[in-house]
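Spelled out, the chains give:
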Amino acid sequence: MPELPEVETIKNYLKRFVVGRRILNFENLNKKQIKVSENDVVGKKILDIERMGKILIIKLSGNKNLTAHLKMSGQFLYFPRNLEKGDLKYARAIFKLNKGYLVFNDVRKFGWLRVGNEEIQKLGIEPFSKKFNIKNLEKIFKQTKRPIKLVLMDQRKIAGIGNIYANEALFLAKINPQKPANKLTKIEIKRLKNSIIKILKRALKYEGTSSRFYLKPDQTKGRYQEKFLVYQKTSKDCSRCGKKIKKIILGGRSTFYCSFCQK
Ligand SMILES: [Zn+2]
């Protein structure tokens, strides 16, 4: 699932490709996923693209916002040319712009696109905001004995971190993913905070992880999958101590860690 670095990368590309364009036509190809009608968007200008957590916000003229969640396999692709049949195999919504097309693709059909900000209000702290500080993290972690990894992935607490970057940040911070959140020391919280920022920035630099469905709007892949520290590295040597990386299932999700250097 696209996480903060992937959605931020999509945002950056869409800012370049579609901001300032006008929507000439709109096709909704799956009304279950796409809660947007022609009336909501046709004739509107795309003023800006923003991101909160894993949610993409498309700001339109007339004070209308669209929000989108890509879930498992959603993609926003931009085509500067005319569309061909092969482009639209998994298309769920098509925006015809005054230059090019913006297509919402989704193989698995869990993603959504809708009008309004409702879903954004449920989100927790944004990692690249001032609120992402030791004091607030201490407050969040103290409230629960759930494993720290599951707390990091809880979008109502911290927005934007999913399975890949939770694994990576905990490795960098040398914290066991199963450790109860309320047992973290202040030093560990500080290390975790810095590790989260470091990993997210690094993933952004490589424009996200294309291990499965994720593509950038220009249809090229991100490269962070070439830089994984622990994710999907079962039985490989830990880059820090040389012991084998372990895989367990935590909260139903694959969890990768080094049991020697993550305490
Ligand atoms: Zn190790």
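Here goes a summary of the coordinates provided. (Residues numbered from 1 in each chain as written. Predicted model: local features only at pLDDT ≥ 70, side-chain atom pairs only at ≥ 80, totals over all residues. Heavy atoms only, no water.)

Details of the sheet that holds strand E9 (residues 112-115)
Thinking step 1. An order of E2-E9-E5-E4-E3 is seen for the five strands of this open sheet, with the pairing classed as mixed. Of all the strands in the sheet, the pair left with one neighbour each is strand E2 (34-35) and strand E3 (46-52).
Thinking step 2. Pairing analysis gives two bridges linking E2 to E9, with the strands arranged parallel. Residue pairing in the sheet places Lys-35 in a bridge with Arg-114 of E9. (Pairing = 2+ DSSP bridges. Helix = DSSP H or I, 4+ residues; strand = E, 2+ residues; numbered from the N terminus.)

As for the sheet that holds strand E7 (residues 91-97)
Thinking step 1. Sheet architecture is open: four strands sit in the order E1-E7-E8-E6, paired in antiparallel fashion. With one partner strand each, in any of the chains shown, strand E1 (23-28) and strand E6 (74-79) form the two edges of the open sheet. In this sheet, neighbouring strand axes are inclined to one another by 15° on average, regardless of whether the strands run parallel or antiparallel.
Thinking step 2. Of the strand pairs in this sheet, E7 and strand E8 (residues 101-106) are connected by five bridges, and their pairing is antiparallel. Within E8, the residue paired with Phe-95 across the bridge is Leu-102. (Axes fitted to C-alpha atoms, helices over the stretch in contact; angles between N-to-C directions.)

Here we look at the coordination of the zinc ion
Thinking step 1. In the first shell of the zinc ion, the protein supplies Cys-238 (SG), Cys-241 (SG), Cys-258 (SG) and Cys-261 (SG), at 2.2 to 2.4 Å from the metal.
Thinking step 2. Considering all four donor atoms around the zinc ion, the spread of angles at the metal, 100 to 126°, places the coordination shape in the tetrahedral class.
Thinking step 3. Ordering the donors of the zinc ion by residue number gives the pattern C-x2-C-x16-C-x2-C. (Donors = N, O, S within 2.8 Å, 3.2 Å for Na, K, Ca; no water. Tetrahedral: all angles 85-135°; square planar, octahedral: opposite > 155°, others 65-115°.)

Here's the deal with the nonpolar core
Thinking step 1. Residues Phe-141, Ile-148, Leu-152 and Leu-192 are the most contacted members of the largest nonpolar core, which totals 41 residues.
Thinking step 2. Those residues within four positions of Ile-148 in sequence are excluded, and the remaining contacts are Phe-141, Leu-170, Ile-175, Asn-176, Pro-177, Lys-179, Ala-181, Leu-184 and Leu-192.
Thinking step 3. The next biggest cluster of nonpolar side chains, apart from the first, holds 28 residues, and it includes Phe-17, Val-18, Ile-34 and Leu-56. (Core = buried A, V, L, I, M, F, W, Y, C linked by side-chain atoms within 4.5 Å. Buried < 20%, exposed > 50% of the residue type's maximum accessible area, 1.4 Å probe, protein only. Contact = heavy atoms within 4.5 Å.)

Examining helix H1 (residues 4-18)
Thinking step 1. Over its 15 residues, H1 extends 20 Å from the first C-alpha to the last, a length consistent with the 21 Å expected when each residue adds 1.5 Å.
Thinking step 2. H1 sits mainly inside the fold: twelve of its 15 residues count as buried.
Thinking step 3. Taken as a whole, H1 has its buried residues at Leu-4, Pro-5, Glu-6, Val-7, Glu-8, Thr-9, Ile-10, Lys-11, Tyr-13, Leu-14, Phe-17 and Val-18.
Thinking step 4. Two residues or fewer after H1 comes Gly-20, characterised by a positive phi angle close to 95°. (Expected span 1.5 Å × (residues − 1).)

Looking at a positive patch on the surface
Thinking step 1. On the surface, Lys-198, Arg-202, Lys-205 and Arg-223 cluster together to form a positively charged patch.
Thinking step 2. You can see Arg-223 is positioned in the loop between helix H6 (186-205) and strand E10 (246-250).
Thinking step 3. Residue classification places Arg-223 among the partly exposed positions, given a relative accessible area of 41%. (Patch = residues over 30% accessible without salt bridge, like charges linked within 9 Å, V, L, I, M, F, W, Y side chains within 5 Å. Areas by Shrake-Rupley, 256 points an atom, 1.4 Å probe, with all protein chains shown as cover. Salt bridge = Lys/Arg side-chain N within 4 Å of Asp/Glu carboxyl O. Lys, Arg positive; Asp, Glu negative; His and termini not counted. Charge placed at Lys NZ, Arg CZ, Asp CG, Glu CD.)

Quick look at the packing of helix H3 (residues 134-142) against H6
Thinking step 1. Running from N to C, H3 and H6 cross one another at 115°; their axes reach a closest spacing of 10 Å. The angle between H3 and H6 falls in the class roughly perpendicular. Seen along the crossing, H3 lies across H6 with a hand that is right-handed. Contacts between H3 and H6 involve Ile-134, Leu-137, Glu-138 and Phe-141 from the first element and Lys-186, Ile-189, Lys-190, Leu-192 and Lys-193 from the second.
Thinking step 2. Taken together, the residues of the contact of H3 with H6 sort by class into five nonpolar, no polar and four charged. (Parallel < 35°, antiparallel > 145°, perpendicular 65-115°, else oblique. Left-handed = near helix turned anticlockwise from the far one by under 90°. Nonpolar A, V, L, I, M, F, W, Y, C, P; charged D, E, K, R; others polar.)

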